There are 2 protein chains.
Amino acid sequence: MRDDAPDFSGWTCPAPLRDHPRIVMGHGGGGALSAELVRHVFAPAFGGPVLAALADSATVTLGGARLAFSTDSYVVRPLFFPGGSIGDLAVNGTVNDLAMSGARAAYLSCGFILEEGVETSVVARVAEALGAAARAAGVEVATGDTKVVEAGHGDGIYLNTAGIGLVPAGVDIRPQRAVPGDVVIVSGPIGLHGVAVLSVREGLEFGVAVESDCAALGGLVEAMLAVTPELHVLRDPTRGGLAAAVGEIAAAAGVGVVLQERSVPVPPEVANACAILGLDPMYVANEGKLVAFVPRAEADAVLAAMRAHPLGAGAAVIGECVDAHPGMVVARTGLGGTRVVDLPLGEQLPRIC
Amino acid sequence: MRDDAPDFSGWTCPAPLRDHPRIVMGHGGGGALSAELVRHVFAPAFGGPVLAALADSATVTLGGARLAFSTDSYVVRPLFFPGGSIGDLAVNGTVNDLAMSGARAAYLSCGFILEEGVETSVVARVAEALGAAARAAGVEVATGDTKVVEAGHGDGIYLNTAGIGLVPAGVDIRPQRAVPGDVVIVSGPIGLHGVAVLSVREGLEFGVAVESDCAALGGLVEAMLAVTPELHVLRDPTRGGLAAAVGEIAAAAGVGVVLQERSVPVPPEVANACAILGLDPMYVANEGKLVAFVPRAEADAVLAAMRAHPLGAGAAVIGECVDAHPGMVVARTGLGGTRVVDLPLGEQLPRIC
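Criteria and thresholds
Residues numbered from 1 in each chain as written. Chains lettered and ligands numbered in written order. Predicted model: local features only at pLDDT ≥ 70, side-chain atom pairs only at ≥ 80, totals over all residues. Heavy atoms only, no water. Helix = DSSP H or I, 4+ residues; strand = E, 2+ residues; numbered from the N terminus. Contact = heavy atoms within 4.5 Å. Least-squares fit on C-alpha atoms with pLDDT ≥ 70 in both. Core = buried A, V, L, I, M, F, W, Y, C linked by side-chain atoms within 4.5 Å. Buried < 20%, exposed > 50% of the residue type's maximum accessible area, 1.4 Å probe, protein only. Domains from an automatic or database assignment. Buried area = accessible area lost by both parts, 1.4 Å probe. Salt bridge = Lys/Arg side-chain N within 4 Å of Asp/Glu carboxyl O. Polar contact = N/O pair within 3.5 Å; in protein donor to acceptor, adjacent residues only side chain to side chain. Nonpolar A, V, L, I, M, F, W, Y, C, P; charged D, E, K, R; others polar. Pairing = 2+ DSSP bridges. Axes fitted to C-alpha atoms, helices over the stretch in contact; angles between N-to-C directions. Parallel < 35°, antiparallel > 145°, perpendicular 65-115°, else oblique. Left-handed = near helix turned anticlockwise from the far one by under 90°. UniProt positions renumbered as here; feature names shortened; annotations may be inferred. Phe/Tyr/Trp six-rings, centres within 6.5 Å; stacked < 30°, edge-to-face > 60°.

(A) Region of the structure containing the side chain of T146 of chain A. Its location among the elements puts T146 of chain A in strand β6 (residues 140-149). Filtering out sequence-adjacent residues up to four positions away, T146 of chain A remains in contact with F112 and L114 of chain A together with H27, G28, L37, F42 and R239 of chain B.

(B) Just the relation of the copies chain B and chain A, in detail. Superposition of chain B onto chain A requires a rotation of 180° combined with a translation of 0.0 Å along the rotation axis, giving an RMSD of 0.0 Å. With respect to symmetry, the two chain copies, as superposed, fit the operation of a two-fold axis. Within chain B, the C-alpha atom positioned nearest to the axis of rotation is that of G154 of chain B, 2.0 Å from it. Comparing interface residues between copies, 100% of those in chain B also lie at the interface in chain A; the contact surface is shared.

(C) Spotlight on the nonpolar core. Residue and element names in this part refer to chain A. Counting residues in hydrophobic clusters, the biggest one holds 78 residues, and the most contacted among them are F112, L159 and L290. In terms of residues, this core owes the most to one element, helix α3 (residues 120-137), which gives 9 residues. A domain-level breakdown of this core finds at least three residues from each of domain 1 (55-166) and domain 2 (175-340).

(D) Expanded view of the interface of chain B and chain A. Facing 80 residues of chain B, the contacting portion of chain A comprises 80 residues. Between chain B and chain A, a total of about 6,700 Å² is buried, with carbon and sulfur atoms accounting for 66% of that surface. Here chain B is connected to chain A by 8 salt bridges. The interface formed by chain B and chain A holds 29 residue pairs in polar contact (both at pLDDT 80 or more) in total. Of all the secondary structure elements, the ones that give two or more residues to the side of chain B that touches chain A are α1 (32-46), β1 (58-62), β2 (65-74), β5 (104-115), α3 (120-137), β6 (140-149) and β7 (157-166) of chain B. The residue makeup of the side of chain B that touches chain A, split by class, is 40 nonpolar, 25 polar and 15 charged.

(E) View of the sheet that holds strand β8 (residues 183-186) of chain B. All names here are of chain B. Reading across the sheet, the 7 strands line up as β9-β11-β8-β12-β10-β13-β14 and stay open at both edges, with mixed pairing between neighbours. The outermost strands of the open sheet, each flanked by one partner alone, are β9 (233-235) and β14 (338-340). Each adjacent strand pair in this sheet contributes to an overall mean axis angle of 25°, direction not counted. For β9 and strand β11 (residues 291-294), the ladder comprises 3 bridges, and the chain directions are antiparallel. Within the sheet, the bridge partner assigned to V233 lies in β11 and is F293. Each of β8, β9, β10 (256-260), β11, β12 (316-322) and β13 (329-332) touches helix α6 (residues 241-253); the most contacted strand, β11, lies at about 30° to it.

(F) Representation of the pattern of salt bridges. On inspection of all chains with the given rule, the structure shows 30 salt bridges over all chains. Of the charged contacts, one joins R351 of chain A and E150 of chain B as a salt bridge, the two residues approaching to 2.2 Å between their closest N and O atoms. On the criterion of chain membership, the pair formed by R351 of chain A in the segment after β14 (338-340) and E150 of chain B in the loop between β6 and β7 is interchain, its members lying in two chains. With a relative accessible area of 27%, E150 of chain B lands in the partly exposed category. Residues R339 of chain B and E261 of chain B are paired through a salt bridge, measuring 2.5 Å at the closest nitrogen-oxygen approach. Separated by 78 residues along the polypeptide, R339 of chain B in strand β14 and E261 of chain B in the loop between β10 and α7 (268-277) bring together distant segments of the chain. Residue E261 of chain B is classed as partly exposed on the basis of its relative accessible area of 26%. One salt-bridge network, held together by shared partners, links D72 and R239 of chain A together with D145 and K147 of chain B.

(G) Spatial organisation of the packing of helix α4 (residues 192-201) of chain B against α7 of chain B. Residues and elements named next belong to chain B. In the contact formed by α4 and α7, the axes pass within 10 Å of each other and the chain directions differ by 60°. On the basis of the axis angle, α4 is oblique to α7. For the pair α4 and α7, the crossing hand works out as left-handed. Seen from α4, the contacting residues are L192, V195 and L198; seen from α7, they are E269, V270, A273, C274 and L277.

(H) Expanded view of the UniProt feature "domain: PurM-like N-terminal" (unreviewed entry) in chain A. UniProt records the feature "domain: PurM-like N-terminal" (unreviewed entry) at residues 56-167 of chain A, using the numbering of this structure. Across residues 56-167 of chain A one finds 29% helix and 46% strand; the C-alpha atoms that close the span lie 14 Å apart.

(I) Seen up close, the packing of helix α1 (residues 32-46) of chain A against α3 of chain B. Relative to each other, α1 of chain A and α3 of chain B sit at 20°, their axes nearing to 7 Å. Classified by the interaxial angle, the pair formed by α1 of chain A and α3 of chain B is roughly parallel. For the pair α1 of chain A and α3 of chain B, the crossing hand works out as right-handed. Residues V41, F42, A45 and F46 of chain A of α1 of chain A lie in contact with α3 of chain B, whose contacting residues are T120, V123, A124, A127, E128, L130, G131 and R135 of chain B. Among the residues forming the contact of α1 of chain A with α3 of chain B, the class breakdown is 8 nonpolar, 2 polar and 2 charged.

(J) Structural view of the packing of aromatic side chains. Summed over the entire model, instances satisfying the criterion amount to 5 aromatic pairs over all chains. Geometrically, the ring pair formed by Y158 of chain A and Y158 of chain B is tilted, given 6.2 Å between the ring centres and 55° between the ring planes. With one member in each of two chains, Y158 of chain A in strand β7 (residues 157-166) and Y158 of chain B in strand β7 form a pair that bridges those chains. The class for Y158 of chain A is buried, based on a relative accessible area of 1%. Ring plane angle 15° and centroid distance 5.8 Å describe the contact between F42 of chain B and F46 of chain B, whose orientation is recorded as stacked.

Pasting the structure below:
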């Protein structure tokens, strides 16, 4: 234990939530409630060893090929927002989940659940956005399905994509590999996606237009892997934001994490919006950012490679892994204090992806 | 052209439907409206060569492995029905799509879209059914996702699964491979799934309890492939029933198909229910049946292998591929007449899968 580490030995997780008799919005928020649902309902029911790893994507071997395999459903409201649409999200979200295991996405599946009465032109616009995002990410939509539900069910358009991609030889990136000494890097400014969606949904103006950072991160990850295959962990901080991403890694690896709050890049427009709304930028969703846990010896070179890539131009070191307070994330505040960064219960902003 | 073939040279497809300004239930029915949506909206937007093949699953090559990849969303009402549940469907539907290219499903992804307020115990029952069906089919749930939408949206539970499996060497099963001379075989009695779902949804009694045929067909397909790798086409007649499945094959391969109506196995309870409701069993969904197009020389041996398998005990030859009326399916009626078996516009029974 480091001398300067705060003592959180008496700290415990939020109370178990497994006995919720009904589903609440937070069960879909990517935080503690989502984790409870996976741990107490889905994992015991499905019972597989791969799912139990609980990473953004599963790594499986088939026909001698090491594949990353991942899925996400998309229920964002509104369907179009500054900087993107549900179609862009459906590609980039799944491509990024694959990239977080070092894989370059190759093929996507795409399932539409349409509400009776939705304009065909809206479906076409979403499909075109999805196709354009797929071409930009270098991934092919290989198979699909469409269901229609009666008017009053669904909500215009829900989407699901699943993706497969090859994991390069020698690459083993997963939350469990974080170790004390690892440097924590974020690829750029946080909070843009959540604030952009909220601004149009609630008709809010924050002085400056905020655009979603929605983007495919496969190229950035390739640039990082070109420096070293020894990246320990990658995670895209979507639902639950940076706090959930780092918290889950700390829990999975049983390491402590210390973040330097001042080093976390928060754009002024995100800070302003969060101040007005009483939100914490650390918990707001991103759709084109990643957080990396990198061995100290490689950190400078990886950071330089990230900054040389358009999607990593704003990359910054924001903290480190420590022996102290295993499973817990703490932030050093600008004033020299320390606070616990809890795993969020749910999501501050539902339906943002 | 065979001498006894009817002359349908003046026959044309139903009028183009591409200018529906709004989505109707039939766009999700697996018939002509669904095909229009794929042809005029999704295929141009996505633009990939694999999707253009429009098979139940895509066959892709990744890391030297030849993979089948498929997805389906499930919106069946009610969630539980005689013989199965949405959880069983979500496994068997996707496993069967893979089996229709000769692949044994290896891994599934699973995306839940839950409605706020649904009982957690219902989610758990669905998850348990899904897990049990996966174990029975020998497939592992490797990755998943959960989203929650506000009460009043969604409809309790929607599910999506995507699946991947290896296509054995030397196997090339796809709709385009049907050729004149092929024998058409169905693996057993038709219409059970649609009638079972309808009976509980509408509170109807048809004298005899009807159970869904929901089952995973990977083992049956393996038994057929053990006879010969030269199966030309396999298709599971789900939405749109046998009529849609055979019609799509005829269209894709540009062959004519003649079905012997008397040879199509329709259980008495399905016939009764359809007579009462004015439905045609040929258009009612199945979830544990397949239709095979097999070279004449192999047909007897394949039929025998199917009948020796529990899921093919009721297999029957129901027709053949012909040179005449390419792209069209006709049925010889019991009375010696002939009728065109159209591709259905939509689905007679929405939300059956």
